[in-house]
Every structure is written in structure tokens, then in C-alpha cells.
Amino acid sequence: MKHHRYHELDALRAIAALGVICWHYVHTYHVAPFGAVLAPFYGHGMLMVDFFFVLSGFVLARAFMTGDRAQYFAANVRARIARIYPLHLLMLCAVAAMQWRLSALGQAPFVYAYNDGYHFVLNLLLLNSSGLQQGFSFNAPSWSISTEFLVNLLFLAVIAAPRNIARGLIWLLLAAALATMAARGVINSSKALGWIDNDVVRTAAGFFLGVVLHWAHRALGENGPGSGARWPWDLLALALMAGVCWYLASGRWSNLGDMLTCYLAFPALIFAVVRSAAVRAALRLGPMVRLGEMSYSIYLTHFPLMLALHLWTAQTGATLPVAERWFFPAFIALVLAVSLLTYRLVEEPAKRLLGDKRSGAARSAAQGAK
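Remember, predicted model here, so these are calculated numbers, not experimental data. (Residues numbered from 1 in each chain as written. Predicted model: local features only at pLDDT ≥ 70, side-chain atom pairs only at ≥ 80, totals over all residues. Heavy atoms only, no water.)

## Some words on helix α4 (residues 73-104)
Line of reasoning, step 1. Over its 32 residues, α4 extends 44 Å from the first C-alpha to the last, a length consistent with the 46 Å expected when each residue adds 1.5 Å.
Line of reasoning, step 2. The largest bend along α4 reaches roughly 35° and is located at Ile 84, with the proline Pro 86 sitting one to four residues downstream.
Line of reasoning, step 3. Directly after α4, the chain includes Gly 106, whose backbone phi takes a positive value near 80°. (Helix = DSSP H or I, 4+ residues; strand = E, 2+ residues; numbered from the N terminus. Expected span 1.5 Å × (residues − 1). Bend = angle between axes of the 7 residues up to and from the residue.)

## What about helix α2 (residues 35-44)?
Line of reasoning, step 1. Every buried residue of α2 is accounted for by Leu 38, Pro 40, Phe 41, Tyr 42 and His 44.
Line of reasoning, step 2. Packed against the buried residues of α2 are α1 (7-29), α3 (48-64), α9 (231-250), α10 (255-274) and α14 (327-354). (Buried < 20%, exposed > 50% of the residue type's maximum accessible area, 1.4 Å probe, protein only. Contact = heavy atoms within 4.5 Å.)

## Topic: the nonpolar core
Line of reasoning, step 1. Counting 110 residues, the largest nonpolar core has Leu 9, Tyr 25, Phe 155, Ile 170, Phe 208 and Val 211 as the members making the most contacts within it.
Line of reasoning, step 2. When near neighbours in sequence (up to four residues on either side) are disregarded, Phe 155 contacts Leu 60, Ala 61, Phe 64, Met 65, Ile 170, Phe 207, Phe 208 and Val 211. (Core = buried A, V, L, I, M, F, W, Y, C linked by side-chain atoms within 4.5 Å.)

## Focus on the confidence of the model for the protein chain
Line of reasoning, step 1. Per-residue confidence for the protein chain gives a mean pLDDT of 87; residues scoring 70 or more make up 89%.
Line of reasoning, step 2. The element-level mean pLDDT for the protein chain is lowest in helix α15 (residues 360-366), coming to 44, with helix α5 (residues 117-124) highest at 96.
Line of reasoning, step 3. This model gives residues 190-195 a pLDDT under 50, and the stretch forms 18 contacts once residues within four places in sequence are excluded.
Line of reasoning, step 4. This model gives residues 358-370 a pLDDT under 50, and the stretch forms 35 contacts once residues within four places in sequence are excluded. (pLDDT = per-residue confidence, 0-100.)

## Considering the pattern of salt bridges
Line of reasoning, step 1. What the rule picks out here adds up to 6 salt bridges.
Line of reasoning, step 2. Two residues, Arg 280 and Glu 8, come together in a salt bridge whose shortest N-O distance is 2.7 Å. Residue Arg 280 is found in helix α11 (residues 278-283), and its partner Glu 8 is found in helix α1; the two are separated by 272 residues along the sequence. Both residues of the pair, Arg 280 and Glu 8, count as buried.
Line of reasoning, step 3. When the shortest N-O distance is used, the salt bridge between Glu 8 and Arg 284 registers 2.8 Å. With Glu 8 in helix α1 and Arg 284 in the loop between α11 and α12 (286-293), this pair connects stretches of sequence that are 276 residues apart.
Line of reasoning, step 4. The network of salt bridges with shared partners includes Glu 8, Arg 280 and Arg 284. (Salt bridge = Lys/Arg side-chain N within 4 Å of Asp/Glu carboxyl O.)

## As for the packing of α9 against α10
Line of reasoning, step 1. In the contact formed by α9 and α10, the axes pass within 9 Å of each other and the chain directions differ by 150°. As judged from the angle between their axes, α9 and α10 are roughly antiparallel. Pair α9 / α10 crosses with left-handed handedness. Along the contact surface, α9 presents Trp 233, Leu 236, Ala 237, Leu 240, Met 241, Val 244 and Tyr 247, while α10 presents Gly 257, Asp 258, Thr 261, Ala 265, Phe 266, Ala 268, Leu 269, Phe 271, Ala 272 and Val 273. (Axes fitted to C-alpha atoms, helices over the stretch in contact; angles between N-to-C directions. Parallel < 35°, antiparallel > 145°, perpendicular 65-115°, else oblique. Left-handed = near helix turned anticlockwise from the far one by under 90°.)

## Focus: the packing of aromatic side chains
Line of reasoning, step 1. Going through the model one piece at a time under the given rule, you end up with 19 aromatic pairs.
Line of reasoning, step 2. Centre to centre, the rings of Tyr 25 and Phe 331 are 6.1 Å apart; their planes meet at 45°, and the pair counts as tilted. With a gap of 306 residues between them, Tyr 25 in helix α1 and Phe 331 in helix α14 connect regions that are remote in the sequence.
Line of reasoning, step 3. Residue Tyr 25 is classed as buried on the basis of its relative accessible area of 0%.
Line of reasoning, step 4. What links up through ring pairs into an aromatic cluster is the set Tyr 25, Tyr 29, Tyr 42, Phe 328 and Phe 331.
Line of reasoning, step 5. A cation over a ring is seen here: Arg 62 above Tyr 6, with NZ or CZ 4.1 Å from the ring centre.
Line of reasoning, step 6. The residue whose ring lies beneath Arg 275 is Trp 233, and the NZ or CZ to ring-centre distance is 5.7 Å. (Phe/Tyr/Trp six-rings, centres within 6.5 Å; stacked < 30°, edge-to-face > 60°. Lys NZ or Arg CZ within 6 Å of the ring centre and 35° of its normal.)

Below is the structure:
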């Protein structure tokens, strides 16, 4: 069956990536420009990473669990490396050079302190959030790239098994991951965000939920209901967007609320959007699609750019006007400009160079995955 690409999911990924930038901006600079508009991202934007995990599971299941594709474990791993590793490596080296330059200037590390040789090797091997680390290091947002790659390896190994065995294992892995996250929420209920731990289990819970979500979507027909029956999905998508934004901005966060958002609202939103009409059309507008294509670059370049600006202030004695209303949109514009360059000069050429032997239809279906 020929797959079409869900550009609307690319757009959602871009929105989530911009939300992560907002989260890091307010927690790095302790200012919140345009707070009335961006309050959901400033307040609880770290949950956007969990949205990535669910979305990735949905997209990768759609790409890899087709025909005999699942059987080719080595080729599938190669495709994932081609997608995520080149830009990760470039940003890792850029951050390492800048942090070490800060050290030579007698300055403290910028935000993340574990920038030694040991953690550099962990980052090189995509093990920087495997449990071997002592803390966040180098281009710290890549922690989710590390955990997702490890979960991807598990997923690709599982689906190489006979289909009935693979399905049973995926259900088992999902149940175990969700149970573990729920147990953490109970045990750590006295701690803020106690259910969250930046590790493989958190990633697996979202990812395998996305895989099961894809199965449900496919079982109901990938093309969705007839055009006249799509408006209920539009209403549901809009209601979910409003509800998620309210919760993220409210300050009324709890372990239960976070889990319901990540493991109920996010999957339902993805499901509703791909089956909607008006919401889907809006997300498939040209600018949104372009942002979606650059979303991985947006995610991985924003911290190196923060660090570059900090290094500039350390060398010149200048002060960044981070609290000025013009500075934040200027910073976003800088991130987007650099992301466009890295997408065109790093991501696309690397994928071609490392090779992707899939059919054009399967390749198109998978390109949106992080």
C-alpha cells in the first residue's frame, strides 16, 4: 500500500520544537517575553519532548512495519543513523569547542557542567542519557535523541521477529513502560514532576504508545472517514489543543495531570489531527510544512546558538538584552535561519550520502520521523 506523508504531523513537531525553545529560554535567562501568549510553553514546555516520543512511535511504525521492511534490521538501523546522527555529531563538536573555549577564558560552563572526555564519548555513542551519565552534558537537549535511538534499536529488533510475536512484545513493552512510569508517579508523588525521569523508560512509554496508536489508525482506515464526516475530528483536535494549552499554562500540574496529558491527550490529538479536515489543512500550509521539515534542526541548534551568544558576551564584555521584547523574536529568527542551513547542508546531504535504499513511498512516509 502506497503511503502519503502526513505533513500535518511535521507541523505539529515544529510547534513542539519551538515550545522546547521557549522552555529553555525562560529557564536559562529567567525572563518570559510575550508570557501571555507563550505561557503553556514557558510553564510546562518540557512535556513537548513526550509529544515527540508519541509522534515518533506513530511515524516510525507507519514507515517500518510495512511489507517485508521490518525484516531488514541492519538496513533499518542504518536509515535511523542517517537521519539523526550527522547533525547530532556536528552540534556536539560545536558545543564542545565553545564550552572548552569558555573554560580557557576562565569562565564557568554555560548551563550544563559535564563537558569532560567521558561524557563526550557517551555523546559520540548516543549513550548520553543511557544511565551511564552523571548529568546533562554538551548539547543537552540531545538527551532525547539518545534515549529515542536506544528505543528505536529495541523497536527495530522486535519487529524483525514474526509479526504475531512482534505485536505481543510491543504490547508487553508498552505495558511495562507505562506501569513503571505510573509507579514512579506514586512513589515520587511528593516531588515536583516526580514521575518524569530522563531515561529510556520515559521514552519507551511514549514511543510504543505511538506504535499502538498507528495500529488503531490503520485499523480504522488510514484515509479516515468521508469528507462529510471529518468535522467531529476537527472539533476534537481543537478541543484537545485548547485543553493541553490550558493545562500547560495553568500551573496546576500534578503527576496524574502530566501522565494524562502525555499518554492520553497527546495520542488523541495526533489521532484527531490526521483524521480532521480544516485543522489538517491549516497545518499543511506551506510555511508550516517548511517549519516541520526543519524541526529536527530547530531542536538541536537552539542550545548551541544560546551558547554561541554567551561565548560572545564572555569575549566582548557585552550584555545580551534577553529581557527586551525584540530580542526573543530575533533569537527565534536566528534559530530558524541556522536551522534552514543545517537542514539543507547537513541533514539532506547526509541522508543521501549514507544511503537509503527504500522505495520512494516508504522513504516519504518515514522522513517526518525524528
